[in-house]
4 protein chains.
Amino acid sequence: MIYFEDNLRVRYYETDKMGIVHHSNYIRFFECARLSFMEKMGFGIEKFEEAGIVLPIVEIKCNYKYPTTVGEKLRVTVEIQELPKARFKLHQNIYNEKGVLCASGYVVSAFMNTKTNRVQSCPEEFYKILEEEFKKG
Amino acid sequence: MIYFEDNLRVRYYETDKMGIVHHSNYIRFFECARLSFMEKMGFGIEKFEEAGIVLPIVEIKCNYKYPTTVGEKLRVTVEIQELPKARFKLHQNIYNEKGVLCASGYVVSAFMNTKTNRVQSCPEEFYKILEEEFKKG
Amino acid sequence: MIYFEDNLRVRYYETDKMGIVHHSNYIRFFECARLSFMEKMGFGIEKFEEAGIVLPIVEIKCNYKYPTTVGEKLRVTVEIQELPKARFKLHQNIYNEKGVLCASGYVVSAFMNTKTNRVQSCPEEFYKILEEEFKKG
Amino acid sequence: MIYFEDNLRVRYYETDKMGIVHHSNYIRFFECARLSFMEKMGFGIEKFEEAGIVLPIVEIKCNYKYPTTVGEKLRVTVEIQELPKARFKLHQNIYNEKGVLCASGYVVSAFMNTKTNRVQSCPEEFYKILEEEFKKG
């Protein structure tokens, strides 16, 4: 298993009329942590772009458990339970400062070659990095 | 079953660097259609607010099947397969102009009383409207 | 002068904790009307892209006069007072259903050639269309 | 003069089809820095809310000078050149990591009493804090 966490702070415009963060924004918070994770692995979004690969999302699920609002410091986690093949699944949670689980879900992305416009398997270099990390975890 | 559909057009800022609509925006498109649906039922968001009830989202799932981009006219559907009790589940699809299914998912919301800050069951008046609609469908 | 108007409806996620539309969204509403305007002129965003031209924003100003909230139908206007040269200035207003002026501002964009990555003057074909329209107005 | 700066990182969803940050997001970045500034002054958004005051935006201006994209670390500055009366004006700049000025503008907000729904002058306590800070600067 690979585990990573990132931190972010809720912005004013992310709240809605209910006074809490709009549910669509948790999907965005998930993404923020994913990109930080990939960068930490030494294979950030720029490297993917250089390799001519983008990671379109194919599936997303989120359970909303506890509301958050402007100013709160959130901890967004990334957990990889199996190495990616054609699809890359990441389990993600969001906790508030008191450690309360606010949202829990997963995101599945594909690897798409921007030259051929077709999906492909996980780039070998990225796979090896994750494999190495898995051994540590 | 209750079926409803709404139309919207993809805006420029809804696209991202990949040139396509950012996945978080489909979650927002789903919401647009839900609000139109509730208004069509004669029980829009203002009526819920007057009744002191908000509908926080408790679960969301979306499968992304085909990309969309700026200017496209999308058809967003709402399908209710069972009458709401404590939770209100809506199945939602997004189609492009050619009829291609672009996204498919569901959204579950609760009914929360803003005075007590507690969840409650579906307001009776709204339930009856849906029940009536169910008979037609 | 060229005058155009577009309509849109405030979405739930566009509101914030104050219960009203977040100020940044008016900037987005302005853009929606601009794109509709250009399309109406027969020179929409796709035509600009085909011509290898994008329209980055160089200046924006907005005065907020009256709040709006979810469900409101807004009328967003575009007014062109002079033909574009290197820069393209559009005056824009937003009115609510009662005709109250809610926001008023302007947007200036440049024309940037995506091959050279340099700004250029207004594409001739688009200029002629506007010139023709000016005569009518 | 009072000077403050905040840092943030461009998120993926903040980019658009042009590959750069959508212009409306700079308006949001400005807000992030303003809220950090007010918190640093010991009078954050929660304190305003406790005092029954919100700060609706009445005017905004922004000049876009240089594009930014996902992953970039931005420095967002806040500069107060005169103490607020009925209106509170903040000058704001955004710089990229190389120190290039990417956006420059100002934001004017009012102080609105949420009980009376009327604008009022700057709350005395907040004014005194700013006055004190001015002397230092």
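Residues numbered from 1 in each chain as written. Chains lettered and ligands numbered in written order. Predicted model: local features only at pLDDT ≥ 70, side-chain atom pairs only at ≥ 80, totals over all residues. Heavy atoms only, no water.

**Q** Now, about the pairing of strand E3 (residues 57–64) of chain A: what can you tell me, with residues and values included?
**A** Along E3(A), eight of the eight residues are buried, which leaves the element largely enclosed by surrounding structure. Pairing between E3(A) and strand E6 (residues 101–113) of chain A: seven bridges, direction antiparallel. Looking at E6(A), one finds that Tyr64(A) is bridged to Ala103(A). The pairing of E3(A) with strand E3 (residues 57–64) of chain B spans five bridges and is classified as antiparallel. From the neighbouring strand, Cys62(A) faces E3(B), where its bridge partner is Ile60(B). (Buried < 20%, exposed > 50% of the residue type's maximum accessible area, 1.4 Å probe, protein only. Helix = DSSP H or I, 4+ residues; strand = E, 2+ residues; numbered from the N terminus. Pairing = 2+ DSSP bridges.)

**Q** Account for the interface of chain A and chain C, naming residues and giving values.
**A** Tallying the contact residues gives 10 residues for chain A and 10 residues for chain C. A combined buried area of about 890 Å² lies between chain A and chain C, and 68% of that area is made up of carbon and sulfur atoms. The largest share of the area that chain A buries against chain C comes from Tyr12(A), Tyr13(A) and Lys17(A), three residues that together contribute 57% of it. For the pair chain A and chain C, the number of links is zero salt bridges. Residue composition of the side of chain A that touches chain C, grouped by class: four nonpolar, four polar and two charged. (Contact = heavy atoms within 4.5 Å. Buried area = accessible area lost by both parts, 1.4 Å probe. Salt bridge = Lys/Arg side-chain N within 4 Å of Asp/Glu carboxyl O. Nonpolar A, V, L, I, M, F, W, Y, C, P; charged D, E, K, R; others polar.)

**Q** So what's going on with the state of the cysteines? Which residues, and what values?
**A** Applying the stated criterion across every chain yields a total of zero disulfides over all chains. Cys62(A) forms no disulfide, and the closest cysteine sulfur to it belongs to Cys102(A), at a distance of 10 Å. (Disulfide = S-S within 2.5 Å.)

**Q** Explain the side chain of Glu79(B) to me, using residue names and the numbers behind them.
**A** All names here are of chain B. Secondary-structure assignment places glutamate 79 in strand E4 (residues 73–80). The buried charged residue glutamate 79 lacks any salt bridge, with arginine 75 as its nearest oppositely charged partner at 9.3 Å. Polar contacts involving the side chain of glutamate 79 include one to the side chain of glutamine 81, which spans 3.0 Å. Residues in contact with glutamate 79, not counting those within four places in the same chain, are Met1, Ile2, Tyr3, Lys89, Leu90 and His91. (Lys, Arg positive; Asp, Glu negative; His and termini not counted. Polar contact = N/O pair within 3.5 Å; in protein donor to acceptor, adjacent residues only side chain to side chain.)

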